[in-house]
4 protein chains.
Amino acid sequence: MRAVVYHGPRHVSVDDVPDARIERPTDVLVRITSTNICGSDLHMYEGRADFEPGSIFGHENLGEVIEVGSAVEKIKVGDLVSVPFNVSCGKCQNCESGFTNYCLRANKPGIAGAAYGFAEMGPYPGGQAELLRVPWGDFDCLRLPEDARSKQDDYVMLSDIFPTGWHSVVMSGLKPGESIVIYGAGPVGLMAALSAIVQGASQVMIVDRHPDRLRLAEEIGATTIDDSKVSPVDAVMELTNGLGANRGCECVGYQAHDAQGHEDNSLTLNELIQSIRFTGGIGTVGLFVPRDPGAPDDLAKHGRARFDVGDFWFKGQTMGTGQCPVKRYNRYLRSLIAQEKVKPSWIVSHDLPLEQAPAAYKNFDAREEGWTKVVLHPAQAA
Amino acid sequence: MRAVVYHGPRHVSVDDVPDARIERPTDVLVRITSTNICGSDLHMYEGRADFEPGSIFGHENLGEVIEVGSAVEKIKVGDLVSVPFNVSCGKCQNCESGFTNYCLRANKPGIAGAAYGFAEMGPYPGGQAELLRVPWGDFDCLRLPEDARSKQDDYVMLSDIFPTGWHSVVMSGLKPGESIVIYGAGPVGLMAALSAIVQGASQVMIVDRHPDRLRLAEEIGATTIDDSKVSPVDAVMELTNGLGANRGCECVGYQAHDAQGHEDNSLTLNELIQSIRFTGGIGTVGLFVPRDPGAPDDLAKHGRARFDVGDFWFKGQTMGTGQCPVKRYNRYLRSLIAQEKVKPSWIVSHDLPLEQAPAAYKNFDAREEGWTKVVLHPAQAA
Amino acid sequence: MRAVVYHGPRHVSVDDVPDARIERPTDVLVRITSTNICGSDLHMYEGRADFEPGSIFGHENLGEVIEVGSAVEKIKVGDLVSVPFNVSCGKCQNCESGFTNYCLRANKPGIAGAAYGFAEMGPYPGGQAELLRVPWGDFDCLRLPEDARSKQDDYVMLSDIFPTGWHSVVMSGLKPGESIVIYGAGPVGLMAALSAIVQGASQVMIVDRHPDRLRLAEEIGATTIDDSKVSPVDAVMELTNGLGANRGCECVGYQAHDAQGHEDNSLTLNELIQSIRFTGGIGTVGLFVPRDPGAPDDLAKHGRARFDVGDFWFKGQTMGTGQCPVKRYNRYLRSLIAQEKVKPSWIVSHDLPLEQAPAAYKNFDAREEGWTKVVLHPAQAA
Amino acid sequence: MRAVVYHGPRHVSVDDVPDARIERPTDVLVRITSTNICGSDLHMYEGRADFEPGSIFGHENLGEVIEVGSAVEKIKVGDLVSVPFNVSCGKCQNCESGFTNYCLRANKPGIAGAAYGFAEMGPYPGGQAELLRVPWGDFDCLRLPEDARSKQDDYVMLSDIFPTGWHSVVMSGLKPGESIVIYGAGPVGLMAALSAIVQGASQVMIVDRHPDRLRLAEEIGATTIDDSKVSPVDAVMELTNGLGANRGCECVGYQAHDAQGHEDNSLTLNELIQSIRFTGGIGTVGLFVPRDPGAPDDLAKHGRARFDVGDFWFKGQTMGTGQCPVKRYNRYLRSLIAQEKVKPSWIVSHDLPLEQAPAAYKNFDAREEGWTKVVLHPAQAA
């Protein structure tokens, strides 16, 4: 089959690789019809993560089931399914209590959590390919309604970024009627903004410096803050009578850099602490890593940041972190799409065939104006 | 009246000062019969906080009401009351939603939260004195049952350290049947251990290096870890099948130092991140400060710490912080004392008259063996 | 002053009565500019509640502060305020834990909870009058922003029906993305529908038989079910793939009657149990009463209903009940109005001077077509 | 194999039946070493439930795995396991959100939830037998630690009554420090009392009239109320300063009868409403049924009760109902047993071989003094 393969920093190609296939009785085999390039793919693309050359990218996958293992009893051939980026067994303590993001059995001992096509997240090839093997398919696949065949660009967001943005808002502790500020208007940040609106925020502020992203945020009614022009902390204070926002979301991660391009893994976290009021909460879904050999300073190389714990504590703030447990939310978000309450495809800038993945990576990584979100389509839905 | 007055680093005396008195119609005047020296008093005693010379210490107060303002309608003269260390108005948004630790009206604009006898926590004299003015007395005073007259050393813990220890466990997210590790077996850490037991922890581990404190922890059934002898992270791992504890409490604060005496404000936080499993939660009630001119390094002077955000995020952990909202818990903990489910006075090592406060400060600050908790008694209960 | 006075079943008039005035130092005196007639006023109007002749109606009040007691420190003369229908002291255990609907000090011993102009809810005259005394004014009054002067018909909903509808949805346990069915499209039911939408419901169904009410529900996007034409249970099943709704709200109360006019206090509760799926939740804000001498059957006279506990239990459903704690929500809902996320005035059919109250009661009680919600305006806002 | 078979009202015998065996690749086959007779078995034993003659009893099962299906990957031959009474697939929406008590795939369409050896709970033979087939064994079996071989009478409570009692307390909304009253001191009620203590209740009251049961309750520190001698509502009021308990548990069910033997399915529910204070919560785990042909009155035959909705609503109480989702709690309770925080076997009165089941049923059903809990041991643990 054809697949997007990593060959080293900033070098990907679409190669012929062995077909994915059923390996265990609980596997499901999916022909991928839609698969996104994610911002977190770029950490790997840039060589800033331990991604093995030869690995296949792709953890935001949607497609049609073409074969099921002998013990699969719920998912059927022909089902159109969304595949959460988390690989999870459904049987361990974490899975059964809703922490499918930290499955105890899908990765190697000592590491909880696994994902497709992701550095350190287990041996699972990604879905930027014609076929994808889904382990524990009955537990992991989410069946989609009939309208999904014509609305794939909406439903494809269910495998990662819509739930991930949603999770950041949930972790922030948002209650309806409160205000929230989101750092980062990339695809995840934009989904966080959409999620905050659906969850009843009275005021959604979002910080970024890319005009195309800020424009998308405005389209759904968020208040945008261009941090290349103003201090985002000052702007939030001004918009909130000097109190700060009730809640905040970190949707940037360890490669955060200021408007001058200086990288600092504590930047957005510390700005959030300043932007949020006493008693406020922060949900951090931007990626942070325990080791980062390519970091610009020694502390960051060891996964540490100059964290403003003094203010964080003095203001009595809370923080939730980590990858999103997609299954905790995807059924509910599916209903919101099906009932036309939300249309997450509004961020999609490019629908491309698989073969154009290398150029797409290049442009998306360079933050080329207008490349806000790329959906690859290895196959057509039946 | 007589009161314990701060005169500069490591210099306190018991002085004659003007009597506390009713100043506003909602005030209550309390004759203090029991008032503790708190670990956080030591930050001020050592000159490591902006505590004005001339200030009166004391935020863990219990006593008898001797006068009430004209608008006080619930609290009566003769009531024995516990006074939460938080000064709170009962009328602002934070108070009414249970965040009396971050009252918006008791401190100066921009700073939420106030306390008696505490640096930067507003203009409220402390209760290590014969008399204490309690603003918003109807809202702030907790009436005690009759048995409190003979069990003051139990009930006096309701004004701060019992709720504070309890709060750290609540913020950690502990569920009954889970394991928890507590860093610091000072009075707050010991109360956290007691709280974890009452809240149904299956396993309570506690880290310290002072034999007298560890002994007290053992008395209530906690598993003790002496970090002057073993790595606490290794010890927790060994006790939890290599998974780490479900939950953790930080009960030390910014002046944490290792067994060799090296101070590092990130020490306990980073050890907690290592000691807690994936999906675990941390409750931080040890004090951290936005500015610390006396800190040993530049980062800490600005309230920042070398925080292990990489592992924190990778493991999907959560953290809650800040001072305790005493009123959220004190009624419930009062019932536990009254029904003899708990006896928090087990940590008290010294019951002393007010006049012996200077020596008590000296010994407690020096961590003299056996000085685990001092209760001062300025007056006798009627 | 002029006030709407009850004189017996279906007999009200606007009378001269003694002016409301400051009686205690914590009182606030409000000149009422907007005050609604509520569906629960009709139980009293019809003589189906123990409402003393001579009592003044009115618990949905908004107005301008014209005088404050000597111990009032937050609310100022000139403030435009919304007055929650709950009278609450702010100092008892229930108030301080957010149950201002069950204040332990505002009513007589043994009865928790009080309200203005309400049978058995304490000695508090209502606000369908020129003036209203607000006890514990600092705690109870919610200050409104400047735009409230021109948007009174929106903000007036904050004192009761918007929070009450909201509370029914909260008690149902709704999570974003779930479906919900509301029984009763009166003002509270319509507010429940609006609230469900703001809280992220994917599907909001509402049951009633009055075309004007159903039309209002449709205007905000709810799916309407006319139970004079179809079985509401069948209709809900059909709309939810035979599973039933996730959640339900009871917004009718003990005088529920079927389309043929037969009164049955178990009607809506049992229909809800049938309409909701296994594991579902029900929020009941429609009024039920311990004693109802005017009831059509003996069981109902004693406040009992033929409740379908067998199915309720078999399906593992939950139920929350009771009056709404307005203060738990009104600040948040105020922000939603101020930020123009909601416009609760869409249900208002009549803005009338106080003097027209008698005719308004008559028409509203008769469910005259088009009389969906009446706002009385005793005075003009300054 | 030998098994306890139902042959009609009050007629059971131990018969030879075909061996249970692996039928599907996800099955696990367990040799039962401990299996309890449950109070809910008695409803079936008495013919008050639709239990098919020929059915095998037994839903509280513990044993050793002797064979696993081809797709079973976690559970191993030789494991000692507790089998939750809920049969649940682990793949449906309800299972994955923690409602294994309402699995959507284990029973027939339209009925959520299944159990072993239980009327209307699906086609699953019970475990009062030498062998038990456990469908979806990887998801449903809970592995037990080594000490379980010698502490089976403790761990056997994990399959039903310990989690069920625990669930009633959780559904009541108990917070540490609150008071609670439990109606029914049968095995489930006793477990509710134990659970309330572990969850931090300050005061646990329990109502029954059997001296042997009340004695067991006293042994763990509960306050007992003998409702054959006093009014339980009055007794609770007296113990709670006239306020009523904060929380209550219904652990009796639809066959509740008063001290004179008069059966009334609303009895305990209405007494709970009276015993609980305003804002209180009730957790109902006693069985209620949609249809009860053997009921003493017409309303009850249709599953309805004369429910005191007027007081329930007026006091703003909440109620949760239904069977317990055992998996939500059993891991945590396992830890409490393993760490010797609880010893639920204290209620066991009889350890018997399987062959003595008929006499055990007879005595337990007759509430013979001293027959508080029977554990049958079809096989010995290896």
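Each value, and the rule that gives it
- Residues numbered from 1 in each chain as written.
- Chains lettered and ligands numbered in written order.
- Predicted model: local features only at pLDDT ≥ 70, side-chain atom pairs only at ≥ 80, totals over all residues.
- Heavy atoms only, no water.
- Pairing = 2+ DSSP bridges.
- Helix = DSSP H or I, 4+ residues; strand = E, 2+ residues; numbered from the N terminus.
- Axes fitted to C-alpha atoms, helices over the stretch in contact; angles between N-to-C directions.
- Parallel < 35°, antiparallel > 145°, perpendicular 65-115°, else oblique.
- Left-handed = near helix turned anticlockwise from the far one by under 90°.
- Contact = heavy atoms within 4.5 Å.
- Nonpolar A, V, L, I, M, F, W, Y, C, P; charged D, E, K, R; others polar.
- Least-squares fit on C-alpha atoms with pLDDT ≥ 70 in both.
- Salt bridge = Lys/Arg side-chain N within 4 Å of Asp/Glu carboxyl O.
- Buried < 20%, exposed > 50% of the residue type's maximum accessible area, 1.4 Å probe, protein only.
- Domains from an automatic or database assignment.
- Buried area = accessible area lost by both parts, 1.4 Å probe.
- Polar contact = N/O pair within 3.5 Å; in protein donor to acceptor, adjacent residues only side chain to side chain.
- Right-handed = clockwise from strand over helix to strand, strands pointing away.
- pLDDT = per-residue confidence, 0-100.
- Phe/Tyr/Trp six-rings, centres within 6.5 Å; stacked < 30°, edge-to-face > 60°.
- Lys NZ or Arg CZ within 6 Å of the ring centre and 35° of its normal.

Taken together, the twelve strands give an open sheet; going across it, the order is β10(A)-β9(A)-β8(A)-β11(A)-β12(A)-β14(A)-β14(B)-β12(B)-β11(B)-β8(B)-β9(B)-β10(B), and neighbouring strands pair in mixed fashion. Unpaired on one side and paired on the other, β10 (223–226) of chain A together with β10 (223–226) of chain B mark the two borders of the sheet. Sheet twist, expressed as the mean angle between neighbouring strand axes with direction ignored, is 15°. In this structure, strand β8 (residues 179–183) of chain B lies alongside strand β9 (residues 203–208) of chain B, joined through five bridges in parallel fashion. Bridging from a neighbouring strand, I180 of chain B pairs with V204 of chain B of β9 of chain B.

All names here are of chain A. Direction vectors running N to C along helix α8 (residues 232–239) and helix α9 (residues 267–275) enclose 25°, while the axes themselves pass 9 Å from each other. Judged by the inter-axis angle, α8 sits roughly parallel to α9. Handedness of the crossing formed by α8 with α9: right-handed. Contact residues: α8 offers P232, V233, V236 and M237, while α9 offers E271, Q274 and S275. Of the residues belonging to the contact of α8 with α9, the class tally is four nonpolar, two polar and one charged.

This part takes up the relation of the copies chain C and chain D. Structural alignment of chain C on chain D gives an RMSD of 0.0 Å, achieved by rotating through 180° and translating 0.0 Å along the axis. The transformation relating the two chain copies, once decomposed into turn and shift, fits a two-fold axis. Interface overlap between copies: 100% of the residues of chain C at the interface are likewise at the interface in chain D, consistent with a symmetric, same-surface contact.

Here the focus is the sheet that holds strand β11 (residues 245–250) of chain C. What the twelve strands build is an open sheet, ordered β10(C)-β9(C)-β8(C)-β11(C)-β12(C)-β14(C)-β14(D)-β12(D)-β11(D)-β8(D)-β9(D)-β10(D); its pairing is mixed. Edge positions in the sheet fall to β10 (223–226) of chain C together with β10 (223–226) of chain D, since each has one partner strand and no second. The sheet shows a mean angle of 15° between the axes of neighbouring strands, direction not considered. Here strand β9 (residues 203–208) of chain C pairs with β10 of chain C via four bridges, running parallel. When the bridges of β10 of chain C are listed, D208 of chain C appears paired with D226 of chain C. Helix α6 (residues 187–198) of chain D rests against β8 (179–183) and β9 (203–208) of chain D of the sheet, and its axis sits at about 175° to β9 of chain D.

For the rest of this paragraph, the subject is the pattern of salt bridges. Per the counting criterion, the structure on display carries 104 salt bridges over all chains. K151 of chain B is the salt-bridge partner of D147 of chain B, the closest N and O atoms lying 3.0 Å from each other. The exposure class assigned to D147 of chain B is partly exposed, which follows from its relative accessible area of 24%. One continuous salt-bridge network, built from bridges that share partners, spans E73 and D138 of chain A together with K91 and R105 of chain D.

For the rest of this paragraph, the subject is the domain arrangement of chain A. Residues and elements named next belong to chain A. When the domains of chain A are assigned, the result is domain 1 (2–159 + 327–377) and domain 2 (161–321). Between domain 1 and domain 2, the residue contacts involve 26 residues of the former and 29 residues of the latter. Taken over both partners, the interface formed by domain 1 and domain 2 buries close to 2,500 Å², and the fraction arising from carbon and sulfur atoms is 63%. The three residues of domain 1 that bury the most area against domain 2 are R48, Y329 and W346, which together make up 32% of that side's buried surface. In this assembly, domain 1 and domain 2 are joined by four salt bridges. The closest approach of N and O atoms between E369 and R215, which form a salt bridge, is 3.5 Å. Linking domain 1 to domain 2 there are ten residue pairs in polar contact (both at pLDDT 80 or more). Broken down by element, the side of domain 1 that touches domain 2 gets its largest block of residues, three residues, from helix α12 (residues 330–338). Broken down by class, the residue content of the side of domain 1 that touches domain 2 amounts to 13 nonpolar, four polar and nine charged.

Quick look at the interface of chain C and chain D now. A common way to report how large an interface is uses the accessible area buried once the components associate. Each partner contributes to the interface: chain C provides 43 residues, whereas chain D provides 43 residues. Both sides of the chain C and chain D interface together cover about 3,600 Å² of buried area, and 67% of this is carbon and sulfur. The tally of links from chain C across to chain D stands at 18 residue pairs in polar contact (both at pLDDT 80 or more). Every element with two or more residues in the side of chain C that touches chain D is listed here: α2 (93–96), α9 (267–275), β12 (276–284), β13 (305–307), α11 (309–314) and β14 (318–321) of chain C.

With that out of the way, let us pick up the pairing of strand β9 (residues 203–208) of chain A. On a regular strand, one side chain projects to one face of the sheet and the next to the other, so that they alternate. All names here are of chain A. Most of β9 sits out of view: six of its six residues are buried. Burial along β9 is two-sided: Q203, M205 and V207 and V204, I206 and D208, pointing in opposite directions, are all buried. After leaving strand β8 (residues 179–183), the chain enters helix α6 (residues 187–198) and then returns to the sheet as β9, a path that is right-handed. Between β9 and its parallel partner β10, the chain crosses via helix α7 (residues 211–219), and the hand of that crossover is right-handed.

Per-residue confidence for chain A gives a mean pLDDT of 97, with 99% of residues at or over 70. We note a pTM of 0.97 for the whole complex and an ipTM of 0.98 for its interfaces.

Turning our attention to the packing of aromatic side chains. Scanning all chains against the criterion turns up 42 aromatic pairs over all chains. On the basis of an interplanar angle of 50° and a centroid distance of 4.9 Å, the ring pair of F57 of chain C and Y361 of chain C is categorised as tilted. Of the two residues, F57 of chain C is situated in the loop between α1 (39–45) and β4 (61–68) and Y361 of chain C in helix α13 (residues 357–365); the sequence distance between them amounts to 304 residues. Assessed through its relative accessible area of 0%, F57 of chain C is described here as buried. One aromatic cluster is present, built from ring pairs that chain together Y6, Y45, F51, F57 and Y361 of chain A. A cation sits over an aromatic face here: R328 of chain A above F99 of chain A, 4.8 Å from the ring centre. Taking NZ or CZ as reference, K327 of chain C lies 4.3 Å from the ring centre of F139 of chain C, over its face.

Right, let's talk about the interface of chain A and chain B for a bit. Taken together, the 43 residues of chain A in the interface contact 43 residues of chain B. Counting each side, the surface lost to burial between chain A and chain B is near 3,600 Å², with a carbon and sulfur contribution of 67%. Summed over the shared surface of chain A and chain B, the result is zero salt bridges. The tally of links from chain A across to chain B stands at 19 residue pairs in polar contact (both at pLDDT 80 or more). Only α2 (93–96), α9, β12 (276–284), β13 (305–307), α11 (309–314) and β14 (318–321) of chain A provide two or more residues apiece to the side of chain A that touches chain B. Of the residues forming the side of chain A that touches chain B, the biggest block, six residues, is contributed by α11 of chain A. For the side of chain A that touches chain B, the per-class residue count stands at 20 nonpolar, 17 polar and six charged. Bridge analysis of β14 of chain A against strand β14 (residues 318–321) of chain B gives three bridges, and the strand direction is antiparallel. Residue pairing in the sheet places M319 of chain A in a bridge with M319 of chain B of β14 of chain B.

This brings us to the relation of the copies chain A and chain B. Note on the copies: chain A fits chain B at an RMSD of 0.0 Å, the axial shift is 0.0 Å, and the rotation between them is 180°. Interface overlap between copies is the fraction of interface residues in one copy that are interface residues in the other; for chain A against chain B it reaches 100%, indicating a shared surface.

Tracing the sequence through the fold places E96 of chain A in helix α2. Using a relative accessible area of 15% as the deciding quantity, one classes E96 of chain A as buried. In terms of polar contacts, E96 of chain A uses its side chain to reach the side chain of K327 of chain D, at 2.7 Å. For E96 of chain A, the residues in contact, after removing those within four places along its chain, are K91 of chain A together with F139, K327 and R331 of chain D.

On to the side chain of E73 of chain D. You can see E73 of chain D is positioned in the loop between β4 (61–68) and β5 (80–83). The exposure class assigned to E73 of chain D is buried, which follows from its relative accessible area of 19%. Here the side chain of E73 of chain D touches K91 of chain A through a polar contact of 3.5 Å, side chain to side chain. A distance of 2.6 Å separates a polar atom in the side chain of E73 of chain D from a polar atom in the side chain of W136 of chain A.

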